[in-house]
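Structure at a glance
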Amino acid sequence: MARVLVDSPLPQLDRLFDYAVPRELVDSASAGVRVKVPLRTAGRTVEGWIVEIVDEEPSDRPLSDLDEVVSPVPVLPERLYALARRVADRSAGSASGVLKVAVPRRMVRAEKAYLSAGTVPTPHVDDVARAWACERLSIFPGAEDLLRTGGRGAMSAPPGVEPVTSEADGAHTPYVGSWAHILAAMAVEGLSRGRSTIIVVPDHRDQDQVEKVLRARLPDEAVVRSDARQSGPARYAAYLRVLADAPCVVVGNRSAVYAPAAALGAVIIWDDGDPLLAEPLSPGVHARDAALVRQEAEGCALVLAGLTRTTDVERLVSVGWLHEIAPARRVIPKTLLSATREGEGRGQRIPSAAFAAAREALQHGPVLVQVARPGYAPVLVCASCRHPARCAHCAGPLRAARHGAVPACGWCGRSAPAWTCVECAGTTLRMASSGSERTADELGRAFAGVRIVVADGEHPVTHVDGRPAVVVATRGAEPIAEGGYRAVVLLDAERMLLAEDLRIGESCLRWWSNAAALAAPGAPVHLVGVAGPVARAFATWNQPAYARAELAERAPLRMPPTVRVAALEGDRRAVTEALTTVRSDVDRLDDGSILGPVEAEGGGVRALVRFDYAVGPAVAQSLRSSLVAAALRSRKPAKGRVRTPGNTLRVRVDVPDLDL
């Protein structure tokens, strides 16, 4: 008898179903393989995975037979199903939803190549690479012991950029962040002991940096790239390689946290505050949370590293769940808070001190200028009343592509040559903000004869050489300069802090710190136009202290991450019944734990449930039961009854802050 998990988004099907194994499939039907099975209620065939093969138990009802074995390769090892089950239970989701993120789609050609390749050899780590890894990790006392004993730690990575290899190894070598060397050293140390390591990074830029260091120290077959930007066959081939018994180093984006690597020694999450690590697909589990569940289940080491410290990580440090991994010698950039001096114009974007530092630095190499937005003039307002300029067709914001250009809508793309203000009937527009292109235009006039480089979403640049240049980049798009930037100027800081977001202080501190980390040793980093706790934390390079202060302020307000938050959306009946059920099931929830329901923008209602971590399993189980109950009500009704609309209830646990 085969116990099968069907691949279905329906919550009522999130359990194991028993099927009989016909005689012709006995040899190929094994645990972990993909199969097709019939569903009695639906009268159709769906795909699924065999979770286990057990002896058939006597029953009054005959079992349906497996319809087909899709592939003989066991792509769902027992450890991966156990992880998916635990992650799904924690988030009130389904195991098949987690596996849809973890297991790539089957590609026949890649599978045939894998079956014909034979056994994957165990990669060898030479003495030079092992000595390099030990030397790198020696600056963090206790790091090696934590990796060897399966501990949990929070690491504050050092700022700076370094070449991938030393000058003696080659005439020219690319530069990467110093943090990439530290993460690679942990992976090399683990592989030297025959243990696999999973390194999860937010995007391809971080991934490329770590890969360059790893491939310079390890054989190519030891490093496995896994990310959504790969083609289907390449991603599936990488997954099959990870399934092999030979240990490896997996480098990928958020889905790589589920990679079923053999002899897993450590999971490393880089920059967990980046929103790219939050999974948008149901059940929407953050890579950090999935890594925490995996560490507890498999006993591997866990390292949450970054240049800054999120409140989520600081909470785990404060309760003793994570240990601090601090360097023996603290390295910080030369950060300065720049403000407009007396006598300077209020509209002057760059204070004289920062401008003088940039001019001096350009004699020696490149200068980085960080701005908030791309484009030329992202925001236009009426010149008379300062009312935001909006499109007459869709009410979208008007933007200008260059000086003197006809404004165009940022939503529908329609141009507005004869725009009129709806407030005062004015016809003249004014640029209310400067994007990367306008800033580059202004700096090009200020620094005549100096090369200007624009780096943003439309102009991706990953590296610049060491020649003098002004690099204007949006947050997160800063290229790496050879030898580091000779000066860094952070503009639009005050505008960044105005965003309506619970974590905007954390985000700004992360954006500024990531840019400051690209500076050369001793190079000045000017933060323009802000003061207060965030600026002080940046100037002293004490990001954990800011995270602790944020936690202290949020605790009385019961805001995440001091508590967990679940969002319920759907029709009023389903949401109200779910709230009633969770109150009945979890008696530790008080009146302040339930917010809503209120009318939602897309129709229906929305409610929030705030709960402590200790009652998380009970809340998730209750919400899960409400999901199943609502789904069963939406099934095809008996003859003569009115059908209830589908998707009457949607639940997401640990809501991203942008949705609050």
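What follows is about the pairing of strand β3 (residues 34–39). Summarising the sheet, β3 and strand β4 (residues 44–53) pair through six bridges and their orientation is antiparallel. Note on β4: the bridge partner recorded for V35 is G48. As defined by bridge partners, β3 adjoins strand β5 (residues 68–69) across two bridges and the pair is classed as antiparallel. The residue bridging K36 from the neighbouring strand is E68, located in β5.

Here we come to the environment of W321. Looking at where W321 falls in the secondary structure, it is placed in the loop between α10 (311–318) and β14 (323–325). For the pair formed by W321 and S255, sequence separation is 66 residues and the distance between their alpha carbons is 24 Å. W321 has contacts with R152, L292, E296 and L316, leaving out every residue within four places of it along the chain.

So, on to the confidence of the model for the chain. Summing up the model confidence of the chain, the mean pLDDT is 90 and the portion of residues at 70 or higher is 95%. Across the chain, the secondary-structure element scoring lowest on mean pLDDT is strand β20 (residues 429–431), at 80, and the one scoring highest is strand β9 (residues 196–200), at 98. In the model, residues 341–346 has pLDDT below 50 throughout and makes five contacts with residues more than four positions away in sequence or in other chains.

Moving on, we come to the sheet that holds β5. The strand order β2-β1-β4-β3-β5 describes an open sheet built from five strands, whose pairing is antiparallel. What marks the edges here is a single partner per strand, and that holds for β2 (16–19) and β5.

This part covers the side chain of S436. With respect to the secondary-structure elements, S436 resides in helix α12 (residues 436–446). For S436, a relative accessible area of 0% puts it in the buried group.

Further remarks concern the sheet that holds strand β23 (residues 469–474). If you walk across this open sheet you meet the six strands as β15-β26-β25-β16-β23-β21, and the pairing is parallel. The outermost strands of the open sheet, each flanked by one partner alone, are β15 (334–338) and β21 (451–455). Each strand axis lies, on average, 20° off the axis of its neighbour in the sheet, ignoring direction. Relative to strand β25 (residues 487–490), strand β16 (residues 367–371) runs parallel, the two sharing four bridges. Following the sheet pairing, L368 is matched in β25 by V488. Lying on the sheet, helix α11 (residues 352–361) is in contact with β15, β16, β25 and β26 (524–528); it crosses β26 at an angle near 150°. Strands in contact with helix α14 (residues 504–516) are β16, β25 and β26; relative to β16, the strand with the most contacts, it is inclined by about 165°.

So, on to the environment of G284. Along the chain, G284 turns up in the loop between β12 (264–270) and α9 (287–298). For G284 and G529, which are 245 residues apart along the polypeptide, the C-alpha to C-alpha distance reads 37 Å. Residues contacting G284, with those up to four places away along its chain left out, are E279 and R652.

A few words now on the state of the cysteines. What the rule picks out here adds up to zero disulfides. Free cysteine: C382, not disulfide-bonded; nearest cysteine sulfur from C424 at 3.6 Å.

This brings us to the packing of aromatic side chains. Within this structure, the stated rule accounts for four aromatic pairs. Ring centres of F355 and F447 lie 5.0 Å apart, and the angle between their planes is 15°; this geometry places the pair in the stacked category. With F355 in helix α11 and F447 in the loop between α12 and β21, the pair connects residues that are 92 residues apart, well separated along the chain. Its relative accessible area of 26% is what places F355 among the partly exposed residues.

Glancing now at the pairing of β23. Summarising burial for β23: six of the six residues are buried, a large majority. Of the two faces of β23, both are covered, the one formed by A469, V471 and A473 as well as the one formed by V470, V472 and T474. Pairing geometry for β21 and β23, over five bridges, is parallel. What sits directly across from I452, in β23, is V470.

Moving on, we get to helix α2 (residues 95–102). Helical periodicity: at 3.6 residues per turn, an α-helix aligns residues three or four positions apart in one direction. With seven of eight residues buried, α2 lies mostly within the body of the structure. Of all the positions in α2, only A95, S96, G97, V98, L99, V101 and A102 are classed as buried.

One finds V75, Y258 and V267 to be the most contacted residues of the largest nonpolar core, which totals 53 residues. When sequence neighbours within four positions are dropped, the list of residues in contact with Y258 reads L80, L83, V87, V98, V101, A102, V285, A290 and R294. In this structure, L146, L218, V249 and V303 belong to the second largest nonpolar core, which totals 42 residues.

Evaluation of the coordinates by the stated rule reveals 46 salt bridges. For the salt bridge of D14 with R85, the shortest nitrogen-to-oxygen distance reads 2.8 Å. Separated by 71 residues along the polypeptide, D14 in the loop between β1 (2–6) and β2 and R85 in helix α1 (residues 78–90) bring together distant segments of the chain. Per residue, the accessibility class of D14 equals that of R85, and both read buried. Between R510 and D271 there is a salt bridge, and its shortest N-O distance comes to 3.3 Å. With a gap of 239 residues between them, R510 in helix α14 and D271 in the loop between β12 and α9 connect regions that are remote in the sequence.

How each quantity is defined
- Residues numbered from 1 in each chain as written.
- Predicted model: local features only at pLDDT ≥ 70, side-chain atom pairs only at ≥ 80, totals over all residues.
- Heavy atoms only, no water.
- Pairing = 2+ DSSP bridges.
- Helix = DSSP H or I, 4+ residues; strand = E, 2+ residues; numbered from the N terminus.
- Contact = heavy atoms within 4.5 Å.
- pLDDT = per-residue confidence, 0-100.
- Buried < 20%, exposed > 50% of the residue type's maximum accessible area, 1.4 Å probe, protein only.
- Axes fitted to C-alpha atoms, helices over the stretch in contact; angles between N-to-C directions.
- Disulfide = S-S within 2.5 Å.
- Phe/Tyr/Trp six-rings, centres within 6.5 Å; stacked < 30°, edge-to-face > 60°.
- Core = buried A, V, L, I, M, F, W, Y, C linked by side-chain atoms within 4.5 Å.
- Salt bridge = Lys/Arg side-chain N within 4 Å of Asp/Glu carboxyl O.

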